[in-house]
Each structure stands twice: as structure tokens, then as C-alpha cells.
Amino acid sequence: MDVITIAKKRMSVRSYTDKKVETEKLEKILEAAHVAPTAANLQPVHLIAVQSEEGLAKIGKAANIYGAPLAIIVCADHNKAWVRPFDKKQTGDIDASILTDHMMLQATELGLGSVWVCYFKPDVLSREFNLPANLEPVNILVIGYSDEEAADTNRFDTQRNPMSQLVSYEHL
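This structure is a prediction, so every number in the text was calculated from the model and none was measured.

With that settled, consider the state of the cysteines. Applying the stated criterion across every chain yields a total of zero disulfides. The thiol sulfur of Cys75 is not disulfide-bonded, and the nearest other cysteine sulfur, from Cys118, lies at 12 Å.

Attention now goes to the nonpolar core. Judged by nonpolar contacts, the single largest core of 24 residues is most densely connected at Ile59, Ile73, Leu125, Phe129, Ile140 and Val142. Residue contacts for Leu125: discarding those within four places in its chain leaves Ile59, Ala62, Ile73, Phe120, Leu131, Pro137 and Ile140. Residues Val45, Leu70, Val74 and Ala107 belong to the second largest nonpolar core, which totals 21 residues.

Let's shift gears to the sheet that holds strand 2 (residues 70–77). With antiparallel pairing, the four strands of this open sheet are ordered in space as 1-2-4-3. Strand pairing shows two members of the sheet lacking a second neighbour, strand 1 (45–50) and strand 3 (113–117), which therefore form its edges. When strand polarity is set aside, the average angle formed by the axes of neighbouring strands in this sheet is 20°. Sheet strands in contact with helix 3 (residues 53–60) are strand 1, strand 2 and strand 4 (135–144), and its direction is about 60° off that of strand 2. The strands that helix 4 (residues 92–109) touches are strand 1, strand 2, strand 3 and strand 4; relative to strand 4, the one it contacts most, it runs at about 10°.

Below, the discussion takes up the layout of surface pockets. Of the volumes computed, that of the largest pocket is approximately 210 Å³. For the largest pocket, the lining is made up of 15 residues, of which Lys9, Met11, Leu112, Gly113 and Ser146 are closest to its centre. Across the lining of the largest pocket, the residue classes break down as five nonpolar, six polar and four charged.

Two side chains of opposite charge can pair, provided their charged atoms sit close to one another. Counted by the stated rule, this structure contains four salt bridges. Notably, a salt bridge pairs Lys61 with Glu128, separated by 3.4 Å at the nearest N-O pair. You can see Lys61 sitting in the loop between helix 3 and strand 2 and its partner Glu128 sitting in helix 5 (residues 122–128), a full 67 residues away along the chain. A relative accessible area of 49% places Lys61 in the partly exposed class. The shortest N-O distance in the salt bridge between Arg84 and Asp87 comes to 2.8 Å.

Residue position: Thr108 is located in helix 4. When the C-alpha positions of Thr108 and Gly144 are compared, they lie 10.0 Å apart, and in sequence the two are 36 residues distant. Residues within four places of Thr108 in sequence aside, it is in contact with Ile6, Lys9 and Arg10.

The next thing to look at is the side chain of Glu128. Given the relative accessible area of 16%, Glu128 is considered buried. Within the structure, Glu128 has its side chain in polar contact with the side chain of Lys61 (distance 3.4 Å). Dropping the residues within four chain positions of it, Glu128 is found in contact with Lys58 and Lys61.

Parameters and conventions
Throughout, residues of each chain are indexed from 1 in the direction in which the sequence is written. Restriction of local features to residues with pLDDT of at least 70 applies here, the model being predicted, together with a cutoff of 80 or more for giving and counting side-chain atom pairs; totals for whole chains, interfaces and linings are based on all residues. To obtain the side-chain values, all non-hydrogen atoms of the structure were included, while hydrogens and water were left out. Cysteine sulfurs are considered disulfide-paired once they come within 2.5 Å of each other. Throughout this description, the term nonpolar core refers to a set of buried Ala, Val, Leu, Ile, Met, Phe, Trp, Tyr and Cys residues connected via side-chain atoms within 4.5 Å. Only protein chains enter the accessibility calculation, which uses a 1.4 Å probe; a residue whose area is less than 20% of its type maximum is buried, one above 50% is exposed, and one in between is partly exposed. Here, two residues are considered to be in contact whenever any of their heavy atoms come within 4.5 Å of each other. If DSSP finds at least two bridges between two strands, the strands pair. What counts as a helix is a DSSP run of H or I of at least four residues, what counts as a strand is a run of E of at least two, and both are numbered from the N terminus. Axes here refer to lines fitted to C-alpha atoms; in helices the fit is confined to the stretch in contact. Angles between the N-to-C directions go from 0 to 180 degrees. Lining residues are defined by having an atom within 4 Å of a point belonging to a cavity or pocket. Those points lie on a 1 Å grid over the protein atoms alone, cavities being sets where a 1.4 Å probe fits but cannot get out and pockets being open sets with protein on both sides within 12 Å along at least five of seven lines. Grid points are joined across faces, edges and corners, and a volume is the space filled by probe spheres set on the points. Classes in brief: Ala, Val, Leu, Ile, Met, Phe, Trp, Tyr, Cys and Pro nonpolar; Asp, Glu, Lys and Arg charged; the others, Gly included, polar. A pairing counts as a salt bridge when a side-chain nitrogen of Lys or Arg comes within 4 Å of a carboxyl oxygen of Asp or Glu. What qualifies as a polar contact is a pair of N or O atoms within 3.5 Å, subject to a donor-acceptor requirement within protein and to the restriction that residues adjacent in sequence count only when both atoms come from side chains.

Right, dumping it as C-alpha cells:
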């Protein structure tokens, strides 16, 4: 499958079967994160893969994970992130997002559903997982076998702004 086909197949899944994600598939998803680019190759991201009932319940105190059997907490490491010198913008959240996107697309290619969760209580997640102050949970990638109907891969024709509104060449 090419990247555009995978991207069109990907959808936000909010209902999962209780089938566990196989170890080999989890390893491929984590490998996709491992090869993702980061600013200055500083790799200022830490992932917490959670599959146990106890761990998923801890996440459940901070976010809805829709009954998925796997959740990956994606954290930016503020001690390692590159900082743009002109305005001091730290890129840890951007790097975490790039890793998340790589994992999400890999999960899709493996026949798994996922949803990127940003609606969560970071303080609760930090407390439940004893995160040090330098690790900021940026998002939670929820993964499992979808219990939903597949999305129409042509939905982007009607659900997205036209390319003419998205892209400018040389000027606005």
C-alpha cells in the first residue's frame, strides 16, 4: 500500500473489539516511531505503551480510550528538545506529533484502528504514571481492532477544503 492509500484508509476509531494487539504488530508500530524524524535528531520523545488492564484503567482516569486494548502515551522530553534560537520555540510537541503520525499510519497499514487523543487531563496522566517534570504528555494514541464500519476512502473529496484553499504558491 502506498502512503496516500494508507492515509485515505485511516480513520478515527472510537469503538474497538476486545482482541489484543499482537506483539509483532506493536513492535512494528513502535519501530515506525523509532524511525520518525525529530528536530536536530535529538529524539526528545518518550513513549509509554500500555496494555495491562491496570495501566489502561490508569489512563481511563485521564481520558476516554474507547475500550481499546492498547494505548501509547506520547511524551515530549523538555530536557532534550531542540529550541529555535530566534523565538525560543521548543519543538518537543512537534516531534511527538510526528512520531504519533508515523505510528498511526503504521497501525492502519497493519489493519488496526486508532484515534489520536488530545482531550485528556495531563496532570492526572502525569500523576498516574509518575512522570518526571521534564516529560509532558502530548497525546495518547489509542490502538486496536476496529469495531466500526470502514470509512469511505473518497470522503476527503467532500470533507476537506479544496486544494486551492489549502495551498498557495509563492504568495497568499
